[in-house]
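Single-letter residue listing:
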2 protein chains.
Amino acid sequence: MIIKSTNIYTPLRKIDGYIKIENGQIVEVAAGLPADYEENELIDYGDQTILPGFIDLHTHGFATGSFTHQQTADSVTEMSKSLAKVGVTSFLPSTGADAISTIQNMLAEADQAMKDWTPNTGAEILGIHLEGPFINKEYKGMQKEEHCIDPSVEVFEEMIEPISIDKIKLMTLAPELPGALELIQHLNRHRIQVSIGHSAANFDEIKEMKDYGIGGVTHMFSGMKGFHHRELGVAGAALYFNDLYSEFSKQTGLTVLPEAIDITFRIKGLDRITLCTDTVGLAHIKEPTYHYIRQITFIPDGDYVILKHDDGTEERLNKKSFDDLLDVEVGYLESVQNLMQNNDLDFADIAKIASENTAKYIDIYDRKGSIEVNKDADIIVLDKDKKLVQTYIQGTPQL
Amino acid sequence: MIIKSTNIYTPLRKIDGYIKIENGQIVEVAAGLPADYEENELIDYGDQTILPGFIDLHTHGFATGSFTHQQTADSVTEMSKSLAKVGVTSFLPSTGADAISTIQNMLAEADQAMKDWTPNTGAEILGIHLEGPFINKEYKGMQKEEHCIDPSVEVFEEMIEPISIDKIKLMTLAPELPGALELIQHLNRHRIQVSIGHSAANFDEIKEMKDYGIGGVTHMFSGMKGFHHRELGVAGAALYFNDLYSEFSKQTGLTVLPEAIDITFRIKGLDRITLCTDTVGLAHIKEPTYHYIRQITFIPDGDYVILKHDDGTEERLNKKSFDDLLDVEVGYLESVQNLMQNNDLDFADIAKIASENTAKYIDIYDRKGSIEVNKDADIIVLDKDKKLVQTYIQGTPQL
């Protein structure tokens, strides 16, 4: 298969050229046209935009699947399917602060989903992001306080017992908690990336510990000790230290103002910024729940969910319908569209923060994260309105 | 007079050359030596550093004089004298939040000091910085709460009645207070610079009002609504808007951490940074006073002041002795030395933030703020340890 466009974003430059794909891999990327090809293997996207697929390192659920609320292999597979429809080609299903036994079950289920996965079933499941349970109650956000516990290598090992450790790609923790340093060193030895999140760490603590294996921070500004000029906190450390990555999630402007994001971009540049969604698959909650940021009460109703808005309006959505659920949460593509508009980013910037940096952060840039020879053909096509035209996962079209 | 050195900092470059001074003005600046000169008019500083003199836009007192505590023409003249000994060649004696009648008296006294000033008496008195009284009680810092009042053009005009309005160079106010916009417009029409300080203004208020004549912020980070990712506050506005100047004072690391300063430098560059001291002449307090940051109780004792440190030690200092008082507060030169060390600045950076930017901020760059032809010969000489060798004020040596 040969994909052709006048706007293909490779890491070094935008080219007017083609991508040749064989067995799910990119085998040629060049300007112009191949020396030799058959007309029927060529797909010409004209001047539509070709980007590396988005990588979501932090999502608990989206649209038809919620790992958080359903906790099944099937829910992860549904996430794969739904994520592919918003430009995500690979992701880390993410856990939260929960009982160790609950997390164990979730890991076993996710492991099953990984085994079941094929390029035909949706976005690739790269492994797991463990967000907690070793986080600080003081900055729990929407995590469950009773399950925020102190770090422990022993508890960690017990918790991940159902799954091979190399499936754990990322862990969010609070480094100021007792036992954190030992766990960070343990994770580092196993090449598991560590992000600071839900943390009251102060600047000096981070300064002392970061070189032991802390890569960056989870949902920059949210769930962390904020910036102050006499105690820079987690946010200040992320701004100050150029080697720490800052993850931004769901850029609606609700949780972090565009100007705060812009300040971060200007001080850090884009080389240490990653984008994620941190969506949870809200439609799949088990109990009626009020969402204070969205000002909506979610009420489960069998195969449906009822959304009661504070303004009195009501919706009834099918939990198995992607189209019904698309607007329940801000998905990856919409987040990209918002960022481009609010923060004046171009497609090259997006390729960097959504694909290249995310891949580098969990050390899979040798096979993902850019349109280059020998990488997986994880590619998306956007039209001039930034709407998704096609998602290729290892060369397999999803739409 | 001709000053020669291998390290003369002009705005565009450091030169190995000379500065020719006539009638207090710089008439030539060039590399090498003048075409024609007499040996006895040349002062050769070898490889010592020649900088434009520091400009302090925000000082309430220093060493032997305190405008805040003594409130006399003589106290301002004493400030001139002491400031020249730490590299300051011109300054704005600054008022605080006080009774209108008190400020009126202070302005009359400062006006007298300006009339009495000559280049032989010390640093030039450029005019007045009115810090308040139109500031917010919520962020009063060490200002007197009972004298923090709402902005009013009428009260302003009454307050400055004893002095010509063109002697008012800068006003610090809280733009969120009722009446502020009208006053800002009034100040702008009279070419009086406006800084935000002691203010709870939010980002949007500043965004709306800044183009009416707000130049920047007073003592960045201190006495202002801090940065938050959902409400950027005054600090966030100063970080975000490139056209706002940020003033930093007394860089001891106590009030604002070097890393917070560094973050500001990295995001704004140095073009919108000014340096000041915000010293008050602590030795001249009228009542025994505990200084919580310095952990010292100051007890007046006739011509002396007793400093009782929390650690039990005690000092008795002569209020008329510069040498006795030099270390009571961090002066301009010490602040520069700290900044260079903690924030990795060089002399060209210092010339920019201490002289060029301060002069531009109050619109006197046509005659101050750099070593250039047709400017006042306000020049300082530093040795390799950054100790002051000489201060020239309009060509008159001070040491």
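Structure first, text after, so check above.
Notes on the structure in this doc start here. A quick note: this is a predicted structure, and the numbers were derived from the prediction, not measured. (Residues numbered from 1 in each chain as written. Chains lettered and ligands numbered in written order. Predicted model: local features only at pLDDT ≥ 70, side-chain atom pairs only at ≥ 80, totals over all residues. Heavy atoms only, no water.)

## Some points on the overall build of chain A
- In terms of regular secondary structure, chain A is built from eleven helices and 23 strands.
- Since a compact globule built from 399 residues should have a radius of gyration of about 21 Å, the 21 Å found for chain A is in line with a globular shape.
- Over its C-alpha atoms, taken along the principal directions, chain A stretches across nearly 60 × 50 × 40 Å.
- Residue pairs in contact within chain A that sit at least 24 positions apart in sequence constitute 67% of those at least 6 positions apart. (Helix = DSSP H or I, 4+ residues; strand = E, 2+ residues; numbered from the N terminus. Rg over C-alpha atoms; globule rule 2.2 N^0.38 Å. Contact = heavy atoms within 4.5 Å.)

## Considerations on the sheet that holds strand 20 (residues 314–318) of chain B
Residues and elements named next belong to chain B.
- As summarised here, the arrangement of the four strands in space is 17-18-19-20, forming an open sheet in which the pairing is antiparallel. The outermost strands of the open sheet, each flanked by one partner alone, are strand 17 (289–291) and strand 20. With direction set aside, neighbouring strand axes in the sheet form an average angle of 25°.
- Sheet topology note: the strand 18 (residues 296–301)/strand 19 (residues 304–309) ladder contains six bridges and is antiparallel. Within the sheet, the bridge partner assigned to D301 lies in strand 19 and is Y304. (Pairing = 2+ DSSP bridges. Axes fitted to C-alpha atoms, helices over the stretch in contact; angles between N-to-C directions.)

## Things to note about the interface of chain B and chain A
- Contacts between the two partners involve 23 residues from chain B, matched on the other side by 23 residues from chain A.
- Between chain B and chain A, the buried area comes to about 2,100 Å², and carbon and sulfur atoms account for 67% of it.
- Sorting the residues of chain B by area buried against chain A places F227(B), H229(B) and R266(B) first, and these three jointly supply 30% of that buried surface.
- Our count for the chain B to chain A interface comes out at zero salt bridges.
- The tally of links between chain B and chain A comes to eight residue pairs in polar contact (both at pLDDT 80 or more).
- Of all elements in the fold, only helix 6 (203–209), helix 7 (233–240) and helix 8 (258–268) of chain B reach the threshold of two or more residues within the side of chain B that touches chain A. (Buried area = accessible area lost by both parts, 1.4 Å probe. Salt bridge = Lys/Arg side-chain N within 4 Å of Asp/Glu carboxyl O. Polar contact = N/O pair within 3.5 Å; in protein donor to acceptor, adjacent residues only side chain to side chain.)

## Observations concerning the relation of the copies chain B and chain A
- The two copies are related by a screw motion: chain B maps onto chain A through a turn of 180° and a shift of 0.0 Å along the axis, at an RMSD of 0.0 Å. Here the copies are linked by what is in effect a two-fold axis. Judged by C-alpha distance, I267(B) is the residue of chain B that lies nearest the rotation axis, at 2.5 Å.
- Same-surface contact between copies: 100% of interface residues of chain B are shared with the interface of chain A. (Least-squares fit on C-alpha atoms with pLDDT ≥ 70 in both.)

## Section: the packing of helix 7 (residues 233–240) of chain A against helix 8 of chain B
- Between helix 7 of chain A and helix 8 of chain B, the least distance of the axes is 10 Å, while the angle of their chain directions is 50°. Between helix 7 of chain A and helix 8 of chain B, the interaxial angle falls into the category oblique. Crossing handedness for the pair helix 7 of chain A and helix 8 of chain B: left-handed. Along the contact surface, helix 7 of chain A presents G236(A), L239(A) and Y240(A), while helix 8 of chain B presents E259(B), D262(B), I263(B) and R266(B).
- Looking at the contact of helix 7 of chain A with helix 8 of chain B, its residues break down into three nonpolar, one polar and three charged. (Parallel < 35°, antiparallel > 145°, perpendicular 65-115°, else oblique. Left-handed = near helix turned anticlockwise from the far one by under 90°. Nonpolar A, V, L, I, M, F, W, Y, C, P; charged D, E, K, R; others polar.)

## Looking at the pattern of salt bridges
Residue and element names in this part refer to chain A.
- Overall, the coordinates contain 43 salt bridges over all chains when judged by the stated rule.
- Notably, a salt bridge pairs E356 with K360, separated by 2.7 Å at the nearest N-O pair. Of the two residues, E356 and K360 both sit in helix 11 (residues 347–361), four residues apart, roughly one turn of that helix.
- In the salt-bridge network here, residues are joined through shared partners; they are E124, R367, K368, D376 and D378.

## Quick word on a nonpolar patch on the surface
Residue and element names in this part refer to chain A.
- Nonpolar side chains collect at one region of the surface, where M142, L254, Y290, Y292 and I293 lie side by side and expose about 540 Å² of accessible area between them.
- Among the structural elements, I293 can be located in the loop between strand 17 (289–291) and strand 18 (296–301).
- The exposure class of I293 is partly exposed, given its relative accessible area of 32%. (Patch = residues over 30% accessible without salt bridge, like charges linked within 9 Å, V, L, I, M, F, W, Y side chains within 5 Å. Areas by Shrake-Rupley, 256 points an atom, 1.4 Å probe, with all protein chains shown as cover. Buried < 20%, exposed > 50% of the residue type's maximum accessible area, 1.4 Å probe, protein only.)

## A word on the pairing of strand 9 (residues 88–95) of chain B
All names here are of chain B.
- Of all eight residues in strand 9, eight are buried; the element is thus mostly enclosed.
- Bridging between strand 6 (residues 54–59) and strand 9 involves four bridges; their strand directions are parallel. Across the sheet, the residue bridging to F54 is V88, located in strand 9.
- With two bridges connecting them, strand 9 and strand 10 (residues 124–125) associate as parallel partners. Among the inter-strand pairings, S90 is bridged to a residue of strand 10, identified as E124.
- Two strands pair when backbone bridges link them, and strand 9 and strand 11 (residues 128–131) are joined in this way by two bridges, in the parallel orientation. Directly across from S94, in strand 11, lies its bridge partner H129.

## Thoughts on the side chain of T95(A)
- Looking at the secondary structure, you find T95(A) in strand 9 (residues 88–95).
- Not counting chain neighbours up to four residues away, the residues in contact with T95(A) comprise H60(A), F67(A), I103(A), M106(A), L107(A), I128(A), H129(A), L130(A) and E131(A).

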